[in-house]
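# Overview (structure and organization)
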Amino acid sequence: MLRRKVAESLTARIFLITALILLGAGAITFGLIAWATPSTYTAVVNRDLTEQVGLLVERLAETSPDSCGARLDEFILSSGASAILVGPDGSPVETGSSLMVQTVYGDDTVVIQTSEEESAVSYAAVETESEQSMTVTMSEQTAITAEVRFSGQEGLYTLYVTPRLEVENLAVRALVQMAPWLLLALLVVSLIPILVLGRYDWPSSDDYCYAYLPHEALLRGDGFWGEVWHTIWGYYKSWQGTFTALALMALTPLTFSEYLYWLTPVVMLASLCTGTFKLTDTLVRRGLGGTWRQTVFVAVPILLLSIHCAPFPKDTFYWWNGAVYYTFTYGIMLLLVERFAALKLARTRGQTLWAVIPGVLAALMVGGSNYVSALLGTLLCGLFLLWFLWKDRKKFLPALIPTAVLVAGFLISVVAPGNQVRQATVAPPIGAVDAVCRSIEQAWADVLEWFSWPILLVFLLMIPLLWALTGKVKFTFPLPVVFSVFTFLLFAAQNAPHFYALGEAGPERLRSIVFYSFFWLVTSNLWYWLGWLRRAALSRVKEPEHWFRWGWRLTPVAVILLVVGLGWCWGSLTSVRAYASLA
């Protein structure tokens, strides 16, 4: 209906054509502006450089002014920054450093000027005969100043550190500043057709079975929570053991009103988006020293691909009974993993408690949910537990609490009498070894099937961002092949429960959460291999900055190819299919 109205309305067609022309003209105009805009030199300061300066000051205090040159050279080589040490009298100190800022000719003088009013530091090399000078001025936001007190020296010395400079196009810089907001706007706009289609969503099948007793209690006006418990306990004994999922199924919108069923896609997308954004923010901003913009650059592509390339959106977003069992719980599992990551990064008792208490609640929900999320969550939490036992034992006990809740919930779900009743209606289990082998085979087939051209191009566009995140950690990225194999086996483990029970990969709604985790598999491996490349191979490449500049110049080509690739699969995108259904 909507498409026919647009086709019949001259005003609507003129508007759409004009909008497309303006978008195309805007893109061309910006490209010309970016090409003609001069480049500037931007100082690169990050948290690591500040920490390195603090460590250098401590190491310099153990030496003397005339013998600290080796440590200054080591700092300059590792950080890429420039440094100069100034004595109490305001003149540069001869430290024996071969890399520190110093005079080149005997007739030159170096003048250090500081201005509190302008919050600036200036280094000036003045050639007295020709009266020519060169001055570099850094604002306080980029220049780092530290006081140094040498052992056995009474005077106070000052260390000035100038960060390395990078060439940057002003127009491109402005676009990068706006890009996170554009990505967020794209995500929001793309969700509108999916949410609007929810107006026509209607309960079906098991929705009525699980909502019956609680709904009748509401009509009577008493005993609502008793009937919810009755529903959970009844199905626990007669059909399945996933007790928290049973509670969520009993609390379907149909329980309260059939006209509230439009909330189904809202709840599912809210869980998926919240879990993805929260986990990404903790890993990128807190764990890897990134910014909120980099969080958006990672989370939004993962969400766009997860939502709009989902192979089975009907059961994934619009059927409460199936979607709350898998998609909603998957979002909670991401929050559980995020709480364990927050526990690893916690520095105070308050941060530890804030990681553990919500982690216990998430662990309870995941442990009593579908076996795919429960198994993967147990494996990931077990890895955190081993890490704490090995590296940070004071956090082992706090991590053990949510892990124990998760495992206990998982076991309560597995040993439910209803599982035996349900298993008797199908073929016997195929065996653990066979299930593992078929799970790995299915995982490999999924990777080959899901690596479409648009998905591949999106990850190519993410390479510069992930490359930047590899430079903010001290990790050495050893054995990348082992890491890839290990993460692939974690990915494959999600297939094991259903293969073991029924000898098949599972229903469409289950396949969707495996599809979501595929993007985390690719993102983590791409980051790890880029980190290994930076540590192991970059030092052998001549003029690496030259290759990076060429890589950035190829970004528009990748964007154009992505647009073309989306044209091939346009009709299969979830938002487009939702729009077509509305039409």
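To start, this report covers the structure provided alongside it.

Definitions and cut-offs
- Residues numbered from 1 in each chain as written.
- Predicted model: local features only at pLDDT ≥ 70, side-chain atom pairs only at ≥ 80, totals over all residues.
- Heavy atoms only, no water.
- Helix = DSSP H or I, 4+ residues; strand = E, 2+ residues; numbered from the N terminus.
- Contact = heavy atoms within 4.5 Å.
- Areas by Shrake-Rupley, 256 points an atom, 1.4 Å probe, with all protein chains shown as cover.
- Polar contact = N/O pair within 3.5 Å; in protein donor to acceptor, adjacent residues only side chain to side chain.
- Axes fitted to C-alpha atoms, helices over the stretch in contact; angles between N-to-C directions.
- Parallel < 35°, antiparallel > 145°, perpendicular 65-115°, else oblique.
- Nonpolar A, V, L, I, M, F, W, Y, C, P; charged D, E, K, R; others polar.
- Buried < 20%, exposed > 50% of the residue type's maximum accessible area, 1.4 Å probe, protein only.
- Phe/Tyr/Trp six-rings, centres within 6.5 Å; stacked < 30°, edge-to-face > 60°.
- Left-handed = near helix turned anticlockwise from the far one by under 90°.
- Salt bridge = Lys/Arg side-chain N within 4 Å of Asp/Glu carboxyl O.

## Overview of the overall build of the protein
- Each helix and strand counted, the protein has 25 helices and 8 strands in total.
- Taking the contacts inside the protein whose residues are at least 6 apart along the sequence as the reference set, 75% of them involve residues at least 24 apart.
- About 31,500 Å² of surface is accessible on the protein, with carbon and sulfur atoms providing 66% of the total.

## Some thoughts on the side chain of T487
- With respect to the element layout, T487 can be found in helix 20 (residues 480-493).
- A polar contact is formed between the side chain of T487 and the backbone oxygen of F483, at a distance of 2.9 Å.
- Apart from residues lying up to four places away in sequence, T487 is in contact with L521 and N525.

## What about the packing of helix 20 against helix 22 (residues 508-536)?
- Axis separation between helix 20 and helix 22 bottoms out at 10 Å; the angle between their running directions is 170°. The pairing of helix 20 with helix 22 is recorded here as roughly antiparallel in orientation. Side by side, helix 20 and helix 22 meet where P480, V481, F483, S484, T487, F488 and F491 of the first sit next to V514, S517, F518, L521, S524, N525, Y528, W529 and W532 of the second.
- Each residue belonging to the contact of helix 20 with helix 22 can be placed in one class, and the counts come to 11 nonpolar, 5 polar and no charged.

## Re the environment of S271
- Its place among the elements puts S271 in helix 10 (residues 263-287).
- Exposure remark for S271: the relative accessible area of 7% places this residue in the buried category.
- Between the C-alpha atom of S271 and that of T329, which follows or precedes it by 58 residues, the distance is 7.9 Å.
- With near-sequence residues (within four places) excluded, S271 lies in contact with T327, F328, G331 and I332.

## Focus: the packing of aromatic side chains
- According to the stated counting rule, one finds 30 aromatic pairs in the structure shown.
- Centroid distance W387 to W390: 5.9 Å. Interplanar angle 90°. Geometry classified as edge-to-face. Note that W387 and W390 are positioned in helix 15 (residues 371-391) at a spacing of 3 residues, about one turn of the helix.
- The class for W387 is partly exposed, based on a relative accessible area of 33%.

## Remarks on the packing of helix 7 (residues 224-238) against helix 8 (residues 243-250)
- Running from N to C, helix 7 and helix 8 point in directions that differ by 135°, and their axes come no closer than 9 Å. Considering the angle they form, helix 7 stands oblique to helix 8. By crossing handedness, the relation of helix 7 to helix 8 is classed as right-handed. Judged by residue contacts, V228, T231, I232, Y235 and Y236 of helix 7 engage F243, L246, A247 and A250 from helix 8.

## Looking at unusual backbone geometry
- You will see that F477, though not glycine, has its phi angle at about 55°, which is positive.
- Note on placement: F477 falls in the loop between helix 19 (453-470) and helix 20.
- Of note, L479 is a non-glycine position whose phi angle comes to about 50°, a positive value.

## Quick look at the pattern of salt bridges
- Applying the stated criterion to the full structure yields 8 salt bridges.
- A salt bridge links D222 to R220; the nearest nitrogen and oxygen atoms lie 3.7 Å apart.
- Residue classification places R220 among the partly exposed positions, given a relative accessible area of 49%.
- Among the ionic pairs, E227 bridges to R220, the shortest N-O distance being 3.5 Å.
- You can call E227 buried: its relative accessible area is 17%.
- A network of salt bridges, in which partner residues are shared, links R220, D222 and E227.

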